[in-house]
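# Fold and contact review
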Amino acid sequence: MPKISNKAEMISNAQARRVLLNLQGLGATPEYSSARMVQKVVQRLGYVQIDSINVLERAHHLILGARLAQYRHEHFTHTLEKSRGLFEHWTHDASAIPTQWFAHWKHHFARYNQRVERSAWWREQFRGDAAPIIRRTLARVRRDGPMRTRDFEAPDGHKSGGWWQWHPEKAALEHLWRSGRLAIARRERFEKVYDLVERVLPSAMEQSKSSEGEHVEWACREAINRLGIASAREIANFFSAVTPAQASAWCERALAQGELVEAMVAPSTKRGLGAASAPLKSFALPDWREFAQKPADKRIILLCPFDPVVRDRARLLRLFQFDYRFEAFTPAAKRKHGYYVLPLLQGDEMVGRTDLKFDRQRGALVVRGLWWSDSIGNKVMRKRKFIEALDALASQIGATACELRV
């Protein structure tokens, strides 16, 4: 049992859920989508993950569509590729990130360069000395403008072994992007188009790299502002930008200055899978009660497997008693639920999960599986709200029909 300070505020599991959901934009009726609202939502979330799997819809579109009514692809594309309010780079994975934070990604570029020097896998991609290949690739982009991987011929004898068996110029393009010398100008059929950072993000290039102290302050403060209540490790993991030790030290300083309060998050009152037996020592925003008191949205929301609320599986299990595994990379015979399973959120509870696919040839949104949680209450009402959620998703992705194969 962790030691509980006399000053620690006791927070119930339900209160912690509502705080998280409200700060993550899932606690109220969504506003109508526009390029301006997309910028606002990504700013609110901190980043939106971009993923290649398209059996249903790209991850970033699902994440934004869960928070914006009548969401359309062009709203995101305008913000990322036209107004440049967002740029694409890495947090835990490839993500759309507010461009105003570009200076903090210069720390990411530096850490990447340190890691890549020790990486045998990267050296293997270059088939030898990387430096001349990188110089040659950068020079061609500078001379010829935006380039795709396919604009470079693979060397004789090269055989692609899948996603991570690149030819040297592809490796050079990725290296130059991850080290901050190239940017993603746009995507064509989801393929990256690389160009010089100074041509894609000229104003961002003018931003000076923040100091180490400024970077830690930014990473921790922006994380807790989006989580509301979190442990030091959860704060560090939010952007993967600082170490748990740095986050812990920052939390103690913020606590001493009255910018955070010490908190203990009670375990769920539900007994069952993953039920914690002890409170979790955490840190909270002083106004956390304001977010805990906001009423929960009663619609059913289909959450992308890469949604920021779902991404931290341990937190999902602890707060929602919802054990979730992404099984797309699990052999079909070993899957428990399905290939692309979305958690179903209603109010502040995960009430089930569904396996969905968009059959583009027939224009049909197909429900291949539906599993309700044990205590689902009114089944008729829940199914009606599920159908409403399906209809909204079908409209978003351009499906003309919904099929329930369950």
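Computed from a prediction, not measured in an experiment: that's the story for all the values here.

This brings us to unusual backbone geometry. Despite not being glycine, Gln70 shows a phi value in the positive range, around 55°. Among the residues examined, Gln70 registers a relative accessible area of 56% and is labelled exposed. Of note, the phi angle at Phe190 is positive, near 75°, even though the residue is not glycine. Secondary-structure assignment places Phe190 in the loop between strand E7 (182–188) and strand E8 (191–196).

Secondary-structure assignment places Ser95 in strand E6 (residues 94–98). The exposure class of Ser95 is buried, given its relative accessible area of 1%. A polar contact is formed between the side chain of Ser95 and the side chain of Thr91, at a distance of 3.0 Å. When neighbours within four sequence positions are excluded, Ser95 is seen to be in contact with Tyr47, Val48, Gln49, Ile50, Phe87, Glu88 and His89.

This next bit is on the packing of helix H11 (residues 212–227) against helix H13 (residues 244–256). At a minimum axis distance of 10 Å, the contact between H11 and H13 shows a crossing angle of 75°. Here H11 lies roughly perpendicular to H13, going by the angle between them. In this structure, H11 contributes Glu212, Val216, Glu217, Cys220, Arg221 and Ile224 to the contact, and H13 contributes Gln246, Ala247 and Trp250. Along the lines of polarity and charge, the residues of the contact of H11 with H13 split into 5 nonpolar, 1 polar and 3 charged.

Among the nonpolar cores identified, the biggest contains 105 residues, and Leu56, Phe76, Leu302, Phe320, Tyr340, Leu356 and Leu365 are the most heavily contacted of them. Ranked by the residues each element gives to this core, the list is headed by H11, at 7 residues. Each residue touching Leu302, except ones within four places of it in the same chain, is listed here: Ala66, Leu342, Pro343, Leu344, Thr354, Leu356, Phe386, Ala389, Leu390 and Leu393. Judged by nonpolar contacts, the second largest core, of 21 residues, contains Val116, Phe152, Ile184 and Tyr194.

The next subject is the side chain of Asn13. Position of Asn13 among the secondary structure elements: in helix H1 (residues 13–23). Of the residues examined, Asn13 reaches a relative accessible area of 5% and is grouped as buried. In terms of polar contacts, Asn13 uses its side chain to reach the backbone carbonyl oxygen of Arg318, at 3.2 Å. Those residues within four positions of Asn13 in sequence are excluded, and the remaining contacts are Ala266, Pro267, Ser268, Arg318 and Leu319.

Of all 6 residues in strand E13 (residues 341–346), 6 are buried, a share of seventy percent or more. Side chains of E13 alternate between two faces, with Val341, Pro343 and Leu345 and Leu342, Leu344 and Gln346 buried alike. In this sheet, E13 lies alongside strand E12 (residues 300–302) in antiparallel orientation, the contact comprising 3 bridges. Its bridge partner lying in E13, Leu302 is registered against Leu344. Relative to strand E14 (residues 349–359), E13 runs antiparallel, the two sharing 6 bridges. Counted as the bridge partner of Leu344 is Gly352 from E14. Linking E13 back to E14 in an antiparallel pair, the connection comprises 2 residues, with Gly347 at a positive phi of about 60°.

Read across the sheet, 5 strands follow the order E12-E13-E14-E15-E16 without closing on themselves; strand pairing throughout is mixed. Taken across any chain shown, the strands that pair with only one partner, and hence form the sheet edges, are E12 and strand E16 (401–404). Neighbour-to-neighbour, the strand axes of this sheet turn through a mean angle of 35°, independent of strand direction.

Of the pairings in the sheet, the one linking E14 to strand E15 (residues 364–372) comprises 8 bridges and is antiparallel in character. Looking across to E15, one finds that Arg353 is bridged to Trp371. Between E14 and E15, which pair antiparallel in sequence order, lie 4 residues; one of them, Gly363, sits at a positive phi of approximately 70°. Pairing between E15 and E16: 4 bridges, direction parallel. Across the sheet, residue Leu365 finds its bridge partner in E16, namely Cys402.

Taken together, 4 strands build an open sheet; the order of strands is E1-E10-E11-E9 and the sheet is mixed. Where the open sheet ends on each side, the last strands, each with one partner, are strand E1 (9–11) and strand E9 (229–230). Summarising the sheet, E9 and strand E11 (residues 280–284) pair through 2 bridges and their orientation is antiparallel. By the bridge assignment for E11, Ile229 is matched with Ala284. On the sheet, H13 packs against strand E10 (261–265) and E11 and is oriented at approximately 60° with respect to E11.

According to the stated counting rule, one finds 0 disulfides in the structure shown. Cys220 supplies the cysteine sulfur nearest to Cys251, a cysteine that is in no disulfide, at a spacing of 6.1 Å. Take Cys251: its relative accessible area is 0%, and that puts it in the buried class. Counting only cysteine sulfurs, Cys304 is the nearest neighbor of Cys402, a cysteine outside any disulfide, at a range of 18 Å.

The next point concerns the pattern of salt bridges. Counted by the stated rule, this structure contains 26 salt bridges. The shortest N-O distance in the salt bridge between Arg362 and Asp359 comes to 2.9 Å. If you follow the salt bridges from partner to partner, you end up with Arg148, Asp151, Arg186 and Glu188 in one network.

Calculation notes
Residues numbered from 1 in each chain as written. Predicted model: local features only at pLDDT ≥ 70, side-chain atom pairs only at ≥ 80, totals over all residues. Heavy atoms only, no water. Buried < 20%, exposed > 50% of the residue type's maximum accessible area, 1.4 Å probe, protein only. Helix = DSSP H or I, 4+ residues; strand = E, 2+ residues; numbered from the N terminus. Polar contact = N/O pair within 3.5 Å; in protein donor to acceptor, adjacent residues only side chain to side chain. Contact = heavy atoms within 4.5 Å. Axes fitted to C-alpha atoms, helices over the stretch in contact; angles between N-to-C directions. Parallel < 35°, antiparallel > 145°, perpendicular 65-115°, else oblique. Nonpolar A, V, L, I, M, F, W, Y, C, P; charged D, E, K, R; others polar. Core = buried A, V, L, I, M, F, W, Y, C linked by side-chain atoms within 4.5 Å. Pairing = 2+ DSSP bridges. Disulfide = S-S within 2.5 Å. Salt bridge = Lys/Arg side-chain N within 4 Å of Asp/Glu carboxyl O.

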